[in-house]
Amino acid sequence: MLQAILDHYNYWIAIVLMMVGFYTVVARSNLIKKLVGLNIFQTSVFLLYISMGKVTGGTAPILDDRYTIYSNPIPHVLILTAIVVGVATTALGLSLVVRIRESYGTIEDNELDLMDGET
Amino acid sequence: MNVVLPHLPALQVVIPLIAAPLCLLAGRASLAWTIAFLASACATAAAAILAYQTLHHGPISYHMGGWAPPWGIEYAVDSANAFILLLVSGIATVVLLYCPSSVSKEIRAGREHMFYCMFILCLTGLLGIAITGDAFNVFVFLEISSLSSYALIAMGSQRKALTASFQYLIMGTIGATFFLIGVGLLYMITGTLNLADLQTRIPQIQDSRPLLAAFAFITVGLALKAALFPLHLWLPNAYAYAPSGVSAFMAATATKVSLYVLLRFTFTLFGAEFAFGELPLHWVLLVPAVIAMFAGSFSAIFQHDIKRMLAYSSVAQIGYITLAIALASQAGVQAAMLHMFNHGLMKAALFCALGCIFYRIGSTRIEDMAGLGRQMPWTFAAIVAGGLSLLGAPLTAGFISKWFLVQAALEQSLWWLVVLIVASSMLAVVYVWRLVEALYFKEPAAGRKNVREAPLSMLLPTLLLAAANIYFGLDTRLTVELTGNAAVLLMQGHM
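Source: prediction; values computed, not measured. (Residues numbered from 1 in each chain as written. Chains lettered and ligands numbered in written order. Predicted model: local features only at pLDDT ≥ 70, side-chain atom pairs only at ≥ 80, totals over all residues. Heavy atoms only, no water.)

Another aspect to go through is the overall build of chain A. If you tally the helices and strands in chain A, you get five helices and zero strands. In sequence order, chain A lays out its α and β elements as α-α-α-α-α. Since a compact globule built from 119 residues should have a radius of gyration of about 14 Å, the 20 Å found for chain A marks it as more spread out than a globular shape. Principal-axis analysis of the C-alpha atoms places the extent of chain A at approximately 65 × 35 × 15 Å. Per-residue burial over chain A gives 34% buried out of 119 residues. For chain A, long-range pairs separated by at least 24 residues make up 47% of all intrachain contacts whose partners lie at least 6 apart in sequence. On chain A, roughly 7100 Å² of surface is accessible, and the fraction owed to carbon and sulfur atoms is 66%. (Helix = DSSP H or I, 4+ residues; strand = E, 2+ residues; numbered from the N terminus. Rg over C-alpha atoms; globule rule 2.2 N^0.38 Å. Buried < 20%, exposed > 50% of the residue type's maximum accessible area, 1.4 Å probe, protein only. Contact = heavy atoms within 4.5 Å. Areas by Shrake-Rupley, 256 points an atom, 1.4 Å probe, with all protein chains shown as cover.)

As structure tokens, this is what we get:
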């Protein structure tokens, strides 16, 4: 049992990060903290993809006669795209937070809810 | 023509994609609008030709950059997604016609070209989701459309637009990430991302647990993007506080595209046998759909802001579409596709008409609209046509889709479901009547005795959409043939 957990430790870390991030998004009322949580949540998926591309004993995918076993590059390339998407999301989210702060004077979700009267 | 035609599937997405940065570089509102409009019109023409080709010559497979699938990215067009492409690009073109006056009123001067840039980028994303035959590509386009729509919503004139956009950003990103996890798991067990290839490999691993997890992640992620009850919380504020043109465009297209992907993944990829036989997708979709029909309509009745009212009504209408999907039959899928199209028409018409009112009085609250129907007769006519279609009155597009939905339910002898569909339509009568009563039978407020019609550039597209609601209620050849074809393809599981 313990061995099974240790062998797949990267997947366990992915799951833990996923839950930590998800919990932060849901439970925190500070908008910046929500974005940090969202980032952790997305990062866990990056780890999941990178883990699945790894081949035991494999090297980086370089075209060279000396290497015959190498990692699957596709998940790594895919996740590069997802990282870019994550950066864009964070940038957009942060700029929204700046504008929310400018027009409301607060970035606490529970205070924002009360500020416009009818929701 | 022979140079262009074979590359139509690529051009469908590439033309608006290139137009987006051009809009930004244009700098001036009028020039940016011209570029956006031309790109959108080209996309519509491409979608129309593709729809014609798929109907008469069967599905088209386009290999991006000449790389053969499953290694390269394939764009696969058949009747099902050609229909969605036509809806999305058609609505975008009409809404863009409507935009110039409305945008110059609602968006700060000097930023209008950015609005068009985001709008056309959002169109790119939605078209891309529909046309691509690659699971990861769906995610990329999903995020392109989502990120641009967050920016579009934040451009709304009230400050509430900012919090609405932020809320949508959080929930939308969670939805898209769930989808990404699902696609990752699928790749892990099959080693392919091509949808057609996935379809042949999934039956061989029917019993594996990652497949179940992938299915769950993908369904929940798409349900979030499609605003299926109880994951709809982002929708009312997002639609209510977005600029008028954006509300009209998004309400008509964004959720439909997600529902299409749900249809494609459920029926074609995983197969109805797996989703509805081995897993209880029937009940997982049916119960929330019925709750959405009633909860959405009830909430709509009690809204003071009419844009919010229509947004809640969208939640209810998405309920009808999911209900049709949950029936898991050919008739059900056809009803779902039909209602996607017809609901797109009615919501676009209604949101455009509301935009006309907002243009004149700067408010969409029901108490501010009292008596306006007599001063803005054409706008009022559009609201009545859209409203009738919304509640499913005969001779309107809404009736056709309700009719197909009821038939699909009767096919499985689900009488109680028919009763529920009719009962929830009665709720729609209540909130549509509330609007009509305020507009026509109440006395206008003191300062609002001489409100004129909105400019023609806004009124004509609105009336065009309203007329489309009537037209597709009378002449159903195009919609019924295309959706019938699409339903057969989706159910048989052709890619």
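The next subject is the interface of chain A and chain B. Facing the 36 residues of chain A at the interface are 30 residues of chain B. Across the chain A to chain B interface the summed buried area is about 3100 Å²; carbon plus sulfur atoms make up 77%. Where chain A touches chain B, the interface holds zero salt bridges. Taken together, chain A and chain B are joined by five residue pairs in polar contact (both at pLDDT 80 or more). Breaking the side of chain A that touches chain B down by element, the ones donating at least two residues are α2 (9-27), α3 (31-53), α4 (73-104) and α5 (109-115) of chain A. Among the elements that make up the side of chain A that touches chain B, the one with the highest residue count is α4(A) (16 residues). Counted by class, the side of chain A that touches chain B contains 25 nonpolar, seven polar and four charged residues. (Buried area = accessible area lost by both parts, 1.4 Å probe. Salt bridge = Lys/Arg side-chain N within 4 Å of Asp/Glu carboxyl O. Polar contact = N/O pair within 3.5 Å; in protein donor to acceptor, adjacent residues only side chain to side chain. Nonpolar A, V, L, I, M, F, W, Y, C, P; charged D, E, K, R; others polar.)

To continue, consider the confidence of the model for chain B. All names here are of chain B. On average, residues of chain B score 89 in pLDDT, and 99% of them reach the 70 mark or higher. Taken element by element, the predicted model of chain B shows its lowest mean pLDDT in helix α14 (residues 372-375) (85) and its highest in helix α5 (residues 135-154) (94). In the model output, the complex is listed with pTM 0.93 alongside ipTM 0.93. (pLDDT = per-residue confidence, 0-100.)

We now examine unusual backbone geometry. Residues and elements named next belong to chain B. Residue P69 is joined to P70 through a cis peptide bond whose omega torsion reads 5°. Within the fold, P70 resides in the loop between β1 (60-63) and β2 (74-77). In this structure, P230 follows F229 across a cis peptide bond, with omega equal to 0°. By the secondary structure assignment, P230 is in the loop between α8 (209-225) and α9 (235-241). The backbone of A328 sits at a positive phi, close to 55°, despite the residue not being glycine. Here A328 lies in the loop between α12 (306-326) and α13 (330-361). Relative accessible area serves as the criterion here: at 23%, A328 is assigned to the partly exposed category.

The end-to-end C-alpha distance of α3(A), which contains 23 residues, comes to 34 Å, matching closely the 33 Å that a straight helix rising 1.5 Å per residue would cover. Where α3(A) begins, the side chain of A:N30 points an oxygen toward the backbone nitrogen of A:I32, at a separation of 2.8 Å. (Expected span 1.5 Å × (residues − 1).)

Residues and elements named next belong to chain B. Its location among the elements puts Q317 in helix α12. Here Q317 falls in the buried class, since its relative accessible area comes to 1%. In contact with Q317, not counting residues within four places along its chain, are H339, H343, K347, L390 and Y431.

All right, on to the packing of α13(B) against helix α19 (residues 477-492) of chain B then. Residues and elements named next belong to chain B. Orientation of α13 relative to α19, taken along the N-to-C sense of each, is 130°, at an axis distance of 8 Å. Accordingly, the angle class assigned to the pair α13 and α19 is oblique. Of the two possible hands of crossing, α13 and α19 adopt the one that is right-handed. The residues of α19 that touch α13, namely those facing Q330, V333, Q334, M337, L338 and F341, are T479, V480, T483, G484, A486, A487, V488, L490 and M491. Residues that form the contact of α13 with α19 fall into these classes: ten nonpolar, five polar and no charged. (Axes fitted to C-alpha atoms, helices over the stretch in contact; angles between N-to-C directions. Parallel < 35°, antiparallel > 145°, perpendicular 65-115°, else oblique. Left-handed = near helix turned anticlockwise from the far one by under 90°.)

All names here are of chain B. There is a patch of nonpolar side chains on the surface, built from V422, M426, V429, W433, Y440 and F441 and spanning about 590 Å² of accessible area. By the element assignment, V429 lies in helix α17 (residues 415-440). The class for V429 is partly exposed, based on a relative accessible area of 34%. (Patch = residues over 30% accessible without salt bridge, like charges linked within 9 Å, V, L, I, M, F, W, Y side chains within 5 Å.)

A few words on the pattern of salt bridges. Residue and element names in this part refer to chain B. With the rule as written, the count across this model stands at seven salt bridges over all chains. In this structure, R365 and E367 form a salt bridge, with 3.1 Å as the shortest nitrogen-oxygen distance. Looking at R365, the relative accessible area reads 27%, which means it is partly exposed. Classification of E367 by relative accessible area gives partly exposed; the value is 43%. For the salt bridge of D475 with R477, the shortest nitrogen-to-oxygen distance reads 3.0 Å.

A few words on the layout of surface pockets. Here the largest pocket defines a volume of roughly 680 Å³. Elements with a contribution of two residues or more to the lining of the largest pocket: α2, α3 and α5 of chain A together with α6 (160-190), α8, α9 and α12 of chain B. If you tally residues by element for the lining of the largest pocket, the top one is α6(B), at nine residues. For the lining of the largest pocket, a count of residues per class yields 18 nonpolar, five polar and five charged. A volume near 500 Å³ is recorded for the second largest pocket. Going through the elements one at a time, α4 of chain A together with α4 (112-131) and α5 of chain B are the ones with two or more residues in the lining of the second largest pocket. With six residues, α4(A) is the largest single contributor of residues to the lining of the second largest pocket. Taken together, the residues of the lining of the second largest pocket sort by class into eleven nonpolar, five polar and six charged. (1 Å grid on protein atoms, 1.4 Å probe; cavity = no way out; pocket = protein on both sides within 12 Å on 5 of 7 lines; lining within 4 Å. Points joined across faces, edges and corners; volume = space filled by probe spheres on them.)

The relation between two aromatic rings is expressed through the spacing of the ring centres and the mutual angle of the planes. Taken as a whole and judged by the stated rule, the model has 26 aromatic pairs over all chains. On the basis of an interplanar angle of 80° and a centroid distance of 6.4 Å, the ring pair of B:W234 and B:Y239 is categorised as edge-to-face. The exposure classification of B:W234 matches that of B:Y239, with both residues buried. Ring plane angle 15° and centroid distance 5.1 Å describe the contact between B:F380 and B:Y440, whose orientation is recorded as stacked. Residue B:F380 is found in helix α15 (residues 377-391), and its partner B:Y440 is found in helix α17; the two are separated by 60 residues along the sequence. The class for B:Y440 is partly exposed, based on a relative accessible area of 35%. Put simply, the rings of B:Y150, B:Y168, B:W234, B:Y239 and B:F351 touch in pairs and so form one group of aromatic residues. The ring of B:Y359 carries the charged tip of B:K105 above its face, separated from the ring centre by 4.7 Å. Between B:R159 and the ring centre of A:Y104, over which it is positioned, the NZ or CZ distance is 4.1 Å. (Phe/Tyr/Trp six-rings, centres within 6.5 Å; stacked < 30°, edge-to-face > 60°. Lys NZ or Arg CZ within 6 Å of the ring centre and 35° of its normal.)

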